[in-house]
Amino acid sequence: MHTNTLLHPLALRRAEPADLPGVLTLLADTAEWLHARGVRQWPRGGFGAERIRPLIEDRVLFVLDDELRYLDPDESAPPVATIALDGHADPEFWTADDDPGAALYVHKLAVARPWSGSGLGDALLDWAAAGAFASGLPWLRLDCAKANPRLQRYYRNRGFQHLRTVDLPHRSSGALFQRRSEDLVTTAFRDLTLAELITAA
């Protein structure tokens, strides 16, 4: 685990409306970094608020915070990472034969550049796999860029199986992956979403 995660306590929570600017900044920075490397998975400049606000309103977007930033009330740093996890299977990619309702789907996974290589992406994917397991679903799924073999290799190395690639001319994404859901525990961050599950029980 990267030194940052040892020196900075991290916490995962559901995004709130006030988090929108920070999430947009993180996604824009990530999109720019991808474009600089020739990857066209996301639109240059990131996503418009109209694409992200509904994820916050639907309570399916999560942010990972560096809790030390709360010691400085004037600091408005973007989150360390973000991930959306929901039951939305993109109908252009997932067909009835895939049994779309048998999985949770990862979207908008991004880790801030200063935290790159810290293992936080791995930890968030494990958290998502545990979320699918807790929901009684056998699969965690995602789609990624068709022309990014490095990213596809990353997912393969983290237990995902490549199902197929859907090549639509108007979509950069289309490489479909899934892995088995698992009952996993991550120690990379405090999971504040657990409190919601306990409260709802």
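Everything that follows concerns the structure shown earlier in this document.
Right, let's walk through the structure included here. (Residues numbered from 1 in each chain as written. Predicted model: local features only at pLDDT ≥ 70, side-chain atom pairs only at ≥ 80, totals over all residues. Heavy atoms only, no water.)

Their axes nearest at 10 Å, the elements helix H2 (residues 20–36) and helix H3 (residues 49–57) cross at an angle of 125 degrees. One way to sum up the angle between H2 and H3 is to call them oblique. Note on packing geometry: the crossing formed by H2 with H3 is right-handed. Residues Leu-20, Val-23, Leu-24 and Leu-27 of H2 pack against Ala-49, Ile-52, Arg-53 and Ile-56 of H3. Tallied by class, residues from the contact of H2 with H3 come to seven nonpolar, no polar and one charged. (Axes fitted to C-alpha atoms, helices over the stretch in contact; angles between N-to-C directions. Helix = DSSP H or I, 4+ residues; strand = E, 2+ residues; numbered from the N terminus. Parallel < 35°, antiparallel > 145°, perpendicular 65-115°, else oblique. Left-handed = near helix turned anticlockwise from the far one by under 90°. Contact = heavy atoms within 4.5 Å. Nonpolar A, V, L, I, M, F, W, Y, C, P; charged D, E, K, R; others polar.)

All right, on to the sheet that holds strand E2 (residues 61–66) then. Taken in spatial order, the eight strands line up as E6-E7-E5-E4-E3-E2-E1-E8 in an open sheet, and their pairing is mixed. The sheet terminates laterally at strand E6 (161–165) and strand E8 (190–191), the two strands that pair on one side only. Note that strand E1 (residues 10–14) and E2 share five bridges and pair antiparallel. In the sheet register, Arg-13 faces E2, and the bridge partner there is Val-63. The strands that H2 touches are E2, strand E3 (81–86) and strand E4 (103–111); relative to E4, the one it contacts most, it runs at about 80 degrees. (Pairing = 2+ DSSP bridges.)

This paragraph deals with H3. Of all the residues in H3, the buried ones are Ile-52, Leu-55 and Ile-56. Angularly, the buried residues of H3 cover 100 degrees about the axis, an arc narrow enough to put them on a single face. Turned more than 90 degrees away from the buried face of H3 sit Glu-50 and Glu-57, all of them exposed. For H3, the secondary structure elements touched by its buried residues are H2, E2, E3 and E4. Remark: Arg-59 follows H3 within two positions and exhibits a positive phi of approximately 65 degrees. (Buried < 20%, exposed > 50% of the residue type's maximum accessible area, 1.4 Å probe, protein only. Arc of directions from axis to C-beta.)

Opposite charge on two side chains permits pairing when their charged atoms draw close. Taken as a whole and assessed by the stated rule, the structure comprises 11 salt bridges. A salt bridge links Arg-44 to Glu-32, with the nearest nitrogen and oxygen atoms 2.7 Å apart. Of the two residues, Arg-44 is situated in the loop between H2 and H3 and Glu-32 in helix H2; the sequence distance between them amounts to 12 residues. In this structure Arg-44 comes out as exposed when scored by relative accessible area, which is 56%. Residue Glu-32 is classed as partly exposed on the basis of its relative accessible area, which comes to 34%. For Asp-167, the salt bridge is made with Lys-146, and the minimal N-O distance between the two is 2.9 Å. On the criterion of sequence distance, the pair formed by Asp-167 in the loop between E6 and strand E7 (173–180) and Lys-146 in the loop between strand E5 (139–145) and helix H5 (149–157) is long-range, its members being 21 residues apart. For Asp-167, a relative accessible area of 61% gives the class exposed. Ionic contacts of the salt-bridge type, sharing partners, join the residues Arg-13, Asp-19 and Asp-65 into one network. (Salt bridge = Lys/Arg side-chain N within 4 Å of Asp/Glu carboxyl O.)

Turning our eyes to something else, we now look at the packing of aromatic side chains. Inspection of the entire model under this criterion finds six aromatic pairs. On the numbers, 5.5 Å between centres and 65 degrees between planes, the contact of Trp-94 with Tyr-105 is edge-to-face. Here Trp-94, found in the loop between E3 and E4, pairs with Tyr-105, found in strand E4; they are 11 residues apart in sequence, far enough to count as distant. On the accessibility criterion, Trp-94 (4% relative accessible area) is buried. Take Tyr-105: its relative accessible area is 1%, and that puts it in the buried class. Measuring from ring centre to ring centre gives 5.6 Å for Tyr-155 and Phe-160, while their planes differ by 70 degrees; the resulting arrangement is edge-to-face. Across the pair, Phe-160 and Tyr-155 agree in class, each one buried. Taking the ring centre of Phe-47 as reference, the NZ or CZ of Lys-108 above it sits at 4.7 Å. The cationic tip of Arg-113 hangs over the ring face of Trp-33; the distance from NZ or CZ to the ring centre is 3.9 Å. (Phe/Tyr/Trp six-rings, centres within 6.5 Å; stacked < 30°, edge-to-face > 60°. Lys NZ or Arg CZ within 6 Å of the ring centre and 35° of its normal.)

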